Amino acid sequence: MNLSVARQLFDTLRSSGRIRIKPHAHRDHPERKFTVFEVYSLVVGKGHLKLNHVGNPAPDSFVWQCKDDLDRNCELAVVFDTDESGDLIVVISAFREVSRC
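Residues numbered from 1 in each chain as written. Predicted model: local features only at pLDDT ≥ 70, side-chain atom pairs only at ≥ 80, totals over all residues. Heavy atoms only, no water.

A. Here's a closer look at the packing of aromatic side chains. For the coordinates displayed, the defined rule picks out 2 aromatic pairs. Aromatic side chains Phe-10 and Trp-64 sit 4.6 Å apart centroid to centroid with 35° between the ring planes, which places their arrangement in the tilted category. Of this pair, Phe-10 sits in helix 1 (residues 3-15) while Trp-64 sits in strand 3 (residues 62-67), and the two are 54 residues apart along the sequence. This pair shows no difference in class: Phe-10 is buried, exactly as Trp-64 is. The side chain of Arg-96 reaches across the aromatic face of Phe-34, ending 3.9 Å from its centre. (Phe/Tyr/Trp six-rings, centres within 6.5 Å; stacked < 30°, edge-to-face > 60°. Helix = DSSP H or I, 4+ residues; strand = E, 2+ residues; numbered from the N terminus. Buried < 20%, exposed > 50% of the residue type's maximum accessible area, 1.4 Å probe, protein only. Lys NZ or Arg CZ within 6 Å of the ring centre and 35° of its normal.)

The structure is reproduced here in structure tokens:
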């Protein structure tokens, strides 16, 4: 899927709440201090969808770049999937730098 089609689909799905958050996005890296609610809020908030250019990206994934409540940069890796109700956004991972203090 090209980026312009992905952006249109992303906007449509997030405005209708068609979002699933994989446990990895909030549970596997507790030092990043994400909660399910925060990840969901980040997806429906302001940001920018771009191509995923990490070293070994998940197939057909994109990155939602946004900022949290403390103005820290966050990157959510997302893919599109379908269930019995249709298309949905799946957040597969979430990243932000956090202080080690």
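B. Region of interest: the nonpolar core. By size, the foremost hydrophobic cluster in this structure holds 23 residues, and its most contacted members are Phe-10, Leu-76, Phe-80, Ile-89 and Val-91. At the level of secondary structure, the elements contributing two or more residues to this core comprise helix 1, strand 1 (19-21), helix 2 (36-44), strand 3, strand 4 (73-83) and strand 5 (86-96). Take this core: its biggest share by element is 5 residues, from helix 1. (Core = buried A, V, L, I, M, F, W, Y, C linked by side-chain atoms within 4.5 Å.)

C. Local environment of the environment of Gln-65. Here Gln-65 is to be found in strand 3. Judged by its relative accessible area of 29%, Gln-65 is partly exposed. In this structure, the C-alpha to C-alpha distance between Gln-65 and Lys-33, residues 32 residues apart in sequence, is 17 Å. If near-sequence neighbours (up to four positions away) are discounted, Gln-65 is found in contact with Gly-47, His-48, Lys-50, Cys-74 and Glu-75. There is a polar contact of 3.1 Å between the side chain of Gln-65 and the side chain of Glu-75. (Contact = heavy atoms within 4.5 Å. Polar contact = N/O pair within 3.5 Å; in protein donor to acceptor, adjacent residues only side chain to side chain.)

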